Amino acid sequence: MIKEKGILFILSGPSGVGKGTVRKKLFEEETDLQYSISMTTRDRRPGEVDGVDYFYKTKEEFEQLIKDGQLLEYAQYVNNYYGTPRNYVEETLENGQDVFLEIEVQGALQVKENFPEGVFIFLFPPSLDELKNRIVSRGTESQELVLNRLKEARNEIEMMDAYDYVVVNDKVQHAVDKVKTIIKSEHLKRERIAKQYKKILEDELS
Ligand code: 5GP
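Just so you know, these numbers come straight off a predicted model, no measurement behind them.

## Topic: helix H4 (residues 105–114)
Consideration 1: Taken residue by residue, H4 has Val 105, Gly 107, Ala 108 and Val 111 as its buried positions. Here the buried residues of H4 occupy an arc of 155° about the axis, which is enough to place them on one side.
Consideration 2: Packed against the buried residues of H4 are strand S1 (8–12), strand S5 (71–77), strand S7 (98–102), strand S8 (119–124) and helix H6 (143–159).
Consideration 3: For H4, the N-terminal capping position is held by Glu 104, with its side-chain oxygen 3.1 Å away from the main-chain nitrogen of Gln 106.

Structure below.
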């Protein structure tokens, strides 16, 4: 029996877009994915559990993990460190299970460099659609406000470049359904399936 490697999925996007909410809902529904619990130096919030929501570390512990090369990626966000444990991700993928990361954009770009075969999903705010409607209907908003929003939107669109898929987070359930569709489609990719069959044939013919 051949064991295929798992697929690494990365959900990321601009801050405040609702990545955490989408990820939590996805995991209430999707059972075949393994969520990679991140390390952080930020304080535990009420209701959060060490080893469930995050592995909570001191700044010194975290910096040691960086030095020891134990993080697949890490970033500083609002004066705290956040990072993905390398061993957990690599071992789980080797074991044939899919791994899911929910991380901010700087970290996602690092994963893209180290792990280009990952599947990168950009969660996008619905505000761009709204912006489009406003421009089309030439609404009452001040020129300056629209210009600022346009600049912000351009930054967000440029951020998309490194990603394979874009999911608009208009409603959480819609976004979750789309992420599930992406996961299913990735498993049906020709290269992936052909590789499995080729391996079986090679084993039989050798
Ligand atoms: P929070 O403090 O609200 O739980 O998370 C703050 C931000 O950190 C969110 O955008 C979340 O996606 C991101 N984050 C969580 N874990 C990681 C991680 O391991 N690496 C990176 N780069 N960002 C993370």
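## Some details on the site of the ligand
Consideration 1: Around the ligand lies a shell of 15 residues, among which Ser 38, Arg 42, Tyr 54, Tyr 82 and Glu 102 are the nearest.
Consideration 2: Contact between the ligand and Tyr 54: an oxygen atom at 2.5 Å from a side-chain N or O atom of the residue.
Consideration 3: Surface burial for the ligand is 88%, taken as the share of its 510 Å² of free accessible area covered by protein chains.
Consideration 4: Of all the elements in the fold, those that place two or more residues in the shell around the ligand are S5 and strand S6 (80–85).
Consideration 5: Residues that form the shell around the ligand fall into these classes: five nonpolar, four polar and six charged.
Consideration 6: In this structure, the shell around the ligand is formed jointly by two domains, domain 1 (1–33 + 98–206) and domain 2 (37–97), each of which donates at least three residues.

## Regarding the domain arrangement of the protein chain
Buried accessible area, meaning the area lost when the parts come together, often serves as the stated size of an interface.
Consideration 1: Structurally, the protein chain comprises domain 1 (1–33 + 98–206) and domain 2 (37–97).
Consideration 2: The interface is formed by 18 residues belonging to domain 1 together with 13 residues belonging to domain 2.
Consideration 3: Between domain 1 and domain 2 lies a buried interface of about 1400 Å² when both sides are counted; carbon and sulfur atoms form 63% of it.
Consideration 4: Inspection of the region where domain 1 meets domain 2 yields one salt bridge.
Consideration 5: Between Glu 94 and Lys 5 there is a salt bridge, with the nearest N and O atoms lying 3.8 Å from each other.
Consideration 6: At the junction of domain 1 and domain 2, the tally comes to three residue pairs in polar contact (both at pLDDT 80 or more).
Consideration 7: When residues of the side of domain 1 that touches domain 2 are traced back to their parent elements, those giving at least two are S7 and H4.
Consideration 8: If one sorts the elements of the side of domain 1 that touches domain 2 by residue count, H4 sits on top with five residues.

## Here's the deal with the pairing of S1
Consideration 1: Burial analysis of S1 places five of its five residues in the buried class, the great majority of the element.
Consideration 2: The alternating pattern of S1 places Leu 8, Ile 10 and Ser 12 on one face and Phe 9 and Leu 11 on the opposite face, and all of these are buried.
Consideration 3: Pairing geometry for S1 and S7, over four bridges, is parallel. What sits directly across from Ile 10, in S7, is Leu 101.
Consideration 4: Across four bridges, the pairing between S1 and S8 is parallel. Looking at the pairing, Ile 10 lines up with Phe 120 of S8.

## Some remarks on the nonpolar core
Consideration 1: Within the largest apolar cluster, 19 residues are counted, with the highest numbers of intra-cluster contacts made by Phe 9, Phe 100, Ile 121, Leu 123, Val 167 and Val 179.
Consideration 2: The greatest single-element share of this core, amounting to five residues, is contributed by helix H7 (residues 172–187).
Consideration 3: In this view, Ile 121 contacts Phe 9, Ile 10, Leu 11, Ser 12, Tyr 163, Tyr 165, Val 167, Val 179 and Ile 182; residues no more than four positions away in its chain are not counted.
Consideration 4: By size, the runner-up hydrophobic cluster in this structure holds 18 residues, among which are Val 89, Val 99, Phe 124 and Tyr 163.

## Regarding the sheet that holds strand S2 (residues 33–35)
Consideration 1: Reading across the sheet, the five strands line up as S2-S7-S1-S8-S9 and stay open at both edges, with parallel pairing between neighbours. The sheet is open, and its two borders are formed by S2 and strand S9 (165–168), each paired with just one other strand. Neighbour-to-neighbour, the strand axes of this sheet turn through a mean angle of 25°, independent of strand direction.
Consideration 2: Judged from the three bridges that link them, S2 and S7 form a sheet pairing that is parallel. For Tyr 35, the partnering residue across the bridge sits in S7 and is Phe 100.
Consideration 3: Against the sheet, H4 engages S1, S7 and S8, with an angle of about 155° to S1.
Consideration 4: Most of the contacts of H7 go to S9, to which it runs at about 160°, and overall it touches S1, S2, S7, S8 and S9.

The rules we used
Residues numbered from 1 in each chain as written. Predicted model: local features only at pLDDT ≥ 70, side-chain atom pairs only at ≥ 80, totals over all residues. Heavy atoms only, no water. Buried < 20%, exposed > 50% of the residue type's maximum accessible area, 1.4 Å probe, protein only. Helix = DSSP H or I, 4+ residues; strand = E, 2+ residues; numbered from the N terminus. Arc of directions from axis to C-beta. Contact = heavy atoms within 4.5 Å. Polar contact = N/O pair within 3.5 Å; in protein donor to acceptor, adjacent residues only side chain to side chain. Near = heavy atom within 4 Å. Areas by Shrake-Rupley, 256 points an atom, 1.4 Å probe, with all protein chains shown as cover. Nonpolar A, V, L, I, M, F, W, Y, C, P; charged D, E, K, R; others polar. Domains from an automatic or database assignment. Buried area = accessible area lost by both parts, 1.4 Å probe. Salt bridge = Lys/Arg side-chain N within 4 Å of Asp/Glu carboxyl O. Pairing = 2+ DSSP bridges. Core = buried A, V, L, I, M, F, W, Y, C linked by side-chain atoms within 4.5 Å. Axes fitted to C-alpha atoms, helices over the stretch in contact; angles between N-to-C directions.

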